[in-house]
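Chains, contacts and geometry: an overview
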There are 2 protein chains.
Amino acid sequence: MIKSPICEMLGIKYPIFQGGMAWVADADLAVAVSEAGGLGIIAGMNLDGQALRAEIRKASARTDKAFGVNLMLQSPYIDEAVKVVCEEKVACVTTGAGNPSKYLKDLREAGVKVIPVVASVALARMMEREGVCALVAEGTESGGHVGELTTMALIPQIVDAVKIPVIAAGGIADGRGFAAALMLGACGVQMGTRFLAASECNIHANYKDRVVKARDIDTIVTGKKGGHPVRVLKNQMTRDYYKKEMEGLADADELHEMTKDSLRRAVREGDVNTGSCMCGQIAGLIDQVKPCREIIEDIDKEASQLLNRASSFLD
Amino acid sequence: MIKSPICEMLGIKYPIFQGGMAWVADADLAVAVSEAGGLGIIAGMNLDGQALRAEIRKASARTDKAFGVNLMLQSPYIDEAVKVVCEEKVACVTTGAGNPSKYLKDLREAGVKVIPVVASVALARMMEREGVCALVAEGTESGGHVGELTTMALIPQIVDAVKIPVIAAGGIADGRGFAAALMLGACGVQMGTRFLAASECNIHANYKDRVVKARDIDTIVTGKKGGHPVRVLKNQMTRDYYKKEMEGLADADELHEMTKDSLRRAVREGDVNTGSCMCGQIAGLIDQVKPCREIIEDIDKEASQLLNRASSFLD
């Protein structure tokens, strides 16, 4: 079994986080991951305070294990969301889509550990200076909103820049990726795409099916030109969007209109033709829907075996 | 010391290839790498038959160790180049920028081992079917011409798809990256950017200096819209190019004009403002110019130590 300082820090068995995917990461998924020994994370996303509190309480009622909440800093409800996670004394939050500086004091005072998701050395350094307890460093191969740097290039550069634990995210779906992340200096991994194909994940069967069937080249990054790159599975809408975006055939409003409500349509209605099926490049490796416990135990076992026989690579 | 089946196959000491970088990878660099125990590679690039033969003979006169040639399949001289590597009985060739199928028979008959550079599972499978002896799988974090998939996502997917040895390229510049690549299932690594900052690398001091000083976020991919993405260091020219490309402010001819001769200007004249300094994302990790022998021995040593103590990650 892989051990890591992040396990003691958060009171979890495996240093494996489940990504706080908007519209996807609900209490059901988070509970399944935390019960299996990883860190389940509820997506705060655009939930208002009341809805987020209900989701947190739903999870608390079903597990006494630690779980987290992902705070989307661009959410219109972010102030309420921070208040709720403080009041509900959630174990930790990960933060995405910006700089969480203004909320750090309140969260710390409430005993909520803060783990920002970063995609560059500069933000990693700034977050450490502000006293966060760990970082998720996420490569551009991830699904959803992405940065520029890849996991392979990003992790060692962040590890060299900070002293706090770094969790690697992006392109990881099996024990090989987990072991590789540890070699790069990470203390654990966060997986999103792998958990899209978990039995307990409530996304529509059409979306899950597309993840399982995806090949290596089946994702695309749209929105880069507008400064909000998002990795999704290629489909009719995203090809059309990409073409219009790249060739300047639609203005920002028209492009925005194309993606409006598109993530919900994919997740809830299973509209995989005009919906946004956010998904990472590693989907090509995933060919089976499995329960969270099996996902986590299999990955830990495979990584442990690799590390155990690592000296066989040596002469 | 790391051992690997690719070492026996090619008669090299370390499973470390030096990327066959156009305008950069000359006989001096290839000899230094091969003498240090890695696989030095001469860039065939746009050399005509005579010039390539001269470079190969220069290397042969200075080392009896194996070295390779990178064949750029879009070169106007590709037919002569293939003829020359066959006649000169070069140990192996790597091939870039396309599908080398039509040359495989001649190369095989001359005893030249063929190792295509691939960026997708489909090309990897096709190449294995055509009988190549190994593959370099290159992630998008690499410098120069790039594909879409990152090293972390690409390597395990290619390893699962083929039985021949896979060499990982992209985002690797130290022992952590080397060890991580082995965990992902690779049999070795190819490094380009790390060797840009080798003492024996003949690029202009200005270019080398930019590589050493580069931060994580200092590269950009231009040419994506036109279907020929190239990763380079950000500078006046590449920012201008990217803006014109993205906003449709210049047609293909104008864009082509901006980059014409730009790699030569960077490499030979040290023009780091309007030249193309091709460079990978891992440049941020490189802070020192070192001889090839030191680069290779340090990386092997660091990776060996990591693998030796890999069981310390286990409970």
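A few points on the structure. (Residues numbered from 1 in each chain as written. Chains lettered and ligands numbered in written order. Predicted model: local features only at pLDDT ≥ 70, side-chain atom pairs only at ≥ 80, totals over all residues. Heavy atoms only, no water.)

Brief notes about the relation of the copies chain A and chain B
Defined as follows: All copies are superposed by least squares; the fitting set is the C-alpha atoms of residues with a pLDDT of at least 70 in both. Any pair of residues with heavy atoms lying within 4.5 Å of one another is described as a contacting pair.
For the pair chain A and chain B, the best superposition has an RMSD of 0.0 Å and corresponds to a rotation of 180° with a translation of 0.0 Å parallel to the axis. When the rotation and shift are considered jointly, the pair of chain copies conforms to a two-fold rotation axis. Distance from the rotation axis, computed per C-alpha, reaches its smallest value in chain A at A:A180: 2.0 Å. Taken as a fraction of all interface residues of chain A, those also at the interface in chain B reach 98%, which identifies the copy contact as same-surface.

A look at the state of the cysteines
The line we're drawing: Pairs of cysteine sulfur atoms within 2.5 Å are identified as disulfides in what follows. Accessibility here uses a 1.4 Å probe with only protein chains present; expressed as a share of the type maximum, an area under 20% marks a residue as buried, one over 50% as exposed, and anything in between as partly exposed.
In the structure shown here, the tally under the stated rule is zero disulfides over all chains. No disulfide involves A:C92; its sulfur sits 7.4 Å from the nearest other cysteine sulfur, which is in A:C133. In this structure A:C92 comes out as buried when scored by relative accessible area, which is 1%. Looking at B:C279, it has no disulfide partner, and the nearest cysteine sulfur is the one in B:C277, 8.0 Å off. The buried category is assigned to B:C279, whose relative accessible area is 1%.

A word on the interface of chain A and chain B
Note: interface size is frequently given as the accessible area lost on complex formation between the parts. Rules: Accessible area that two parts lose when put together, with a 1.4 Å probe and added across both, is what the buried area reports. The working definition used for a salt bridge is a side-chain nitrogen of Lys or Arg within 4 Å of a carboxyl oxygen of Asp or Glu.
Each partner contributes to the interface: chain A provides 49 residues, whereas chain B provides 48 residues. Each partner contributes to the roughly 4,400 Å² buried at the junction of chain A and chain B, and carbon and sulfur atoms together form 63% of this total. Scanning the region where chain A abuts chain B turns up two salt bridges. The residue A:D160 makes a salt bridge to B:R176 at a minimum N-O spacing of 2.9 Å.

Points about unusual backbone geometry
What counts, and what does not: By the criteria applied, helices consist of DSSP H or I runs no shorter than four residues and strands consist of E runs no shorter than two, each listed in order from the N terminus.
Even without being glycine, A:M45 reaches a positive phi, approximately 40°. Mapped onto the secondary structure, A:M45 falls in the loop between β2 (40-43) and α3 (49-62). At B:D261, a position not held by glycine, the phi torsion is positive, near 70°. In this structure, B:D261 sits in the loop between α12 (252-259) and α13 (262-269).

Section: the pairing of strand β5 (residues 113-118) of chain B
Residue and element names in this part refer to chain B. Note the cut-off: Strand pairing is defined by DSSP finding a minimum of two bridges between the two strands.
For β5, a buried count of five out of six residues is recorded, marking the element as mostly surrounded by other parts of the structure. As defined by bridge partners, strand β4 (residues 92-96) adjoins β5 across four bridges and the pair is classed as parallel. Looking at the pairing, C92 lines up with K113 of β5. Of the pairings in the sheet, the one linking β5 to strand β6 (residues 135-138) comprises two bridges and is parallel in character. Pairing of V118 across the sheet is with A137, part of β6.

Looking at the sheet that holds strand β3 (residues 67-72) of chain B
Residue and element names in this part refer to chain B. The test is simple: A fitted line through C-alpha atoms represents every axis, and for helices the fit uses only the stretch in contact; the resulting angles, taken between N-to-C directions, go from 0 to 180 degrees.
As summarised here, the arrangement of the eight strands in space is β1-β9-β8-β6-β5-β4-β3-β2, forming an open sheet in which the pairing is parallel. The sheet is open, and its two edges are formed by β1 (16-18) and β2 (40-43), each paired on a single side. Along the sheet, successive strands turn relative to each other by an average axial angle of 25°, direction set aside. Running over the sheet, helix α7 (residues 151-161) touches β5, β6 and β8 (166-169) and is turned about 150° from β6.

Considering the sheet that holds strand β5 (residues 113-118) of chain A
Residue and element names in this part refer to chain A. A sheet is described by the order of its strands in space; here eight strands give the open sequence β1-β9-β8-β6-β5-β4-β3-β2, paired in parallel fashion. The sheet is open, and its two edges are formed by β1 (16-18) and β2, each paired on a single side. The mean inter-strand angle of the sheet, taken between neighbouring strand axes irrespective of direction, is 25°. Note: strand β6 (residues 135-138) against strand β8 (residues 166-169), four bridges, orientation parallel.

With respect to the pattern of salt bridges
Residue and element names in this part refer to chain B. According to the stated counting rule, one finds 40 salt bridges over all chains in the structure shown. Across the pair K244 and D240 runs a salt bridge, and its minimum N-O distance is 3.5 Å. One end of the pair, K244, and the other, D240, are both in helix α11 (residues 236-246), four residues apart, so they sit about a helical turn from each other. Taking relative accessible area as the criterion, K244 reaches 27% and is therefore assigned partly exposed.

Details of the packing of helix α8 (residues 175-183) of chain A against helix α14 (residues 292-308) of chain A
Residue and element names in this part refer to chain A. How we decide: Angles below 35 degrees are treated as roughly parallel, those above 145 as roughly antiparallel, those between 65 and 115 as roughly perpendicular, and all remaining angles as oblique. A clockwise turn of the near helix away from the far one marks a right-handed crossing, whereas an anticlockwise turn of less than a right angle marks a left-handed crossing.
Orientation of α8 relative to α14, taken along the N-to-C sense of each, is 55°, at an axis distance of 7 Å. Taken together, α8 and α14 sit at an angle that is classed as oblique. Read as a crossing pair, α8 and α14 show a hand that is right-handed. Across from G175, R176, F178, A179, L182 and M183 in α8, the residues of α14 making contact are I299, D300, E302, A303, L306 and L307.

Side note on the side chain of A:S142
All names here are of chain A. Mapped onto the elements of the fold, S142 is located in the loop between β6 and β7 (144-145). Given a relative accessible area of 7%, S142 falls into the buried group. Residues in contact with S142, not counting those within four places in the same chain, are A169, G170, R231, C279 and G280.

Concerning the environment of B:K301
When you line up the elements, B:K301 lands in helix α14 (residues 292-308). With 299 residues separating them in the primary sequence, B:K301 and B:I2 have C-alpha atoms 8.5 Å apart.

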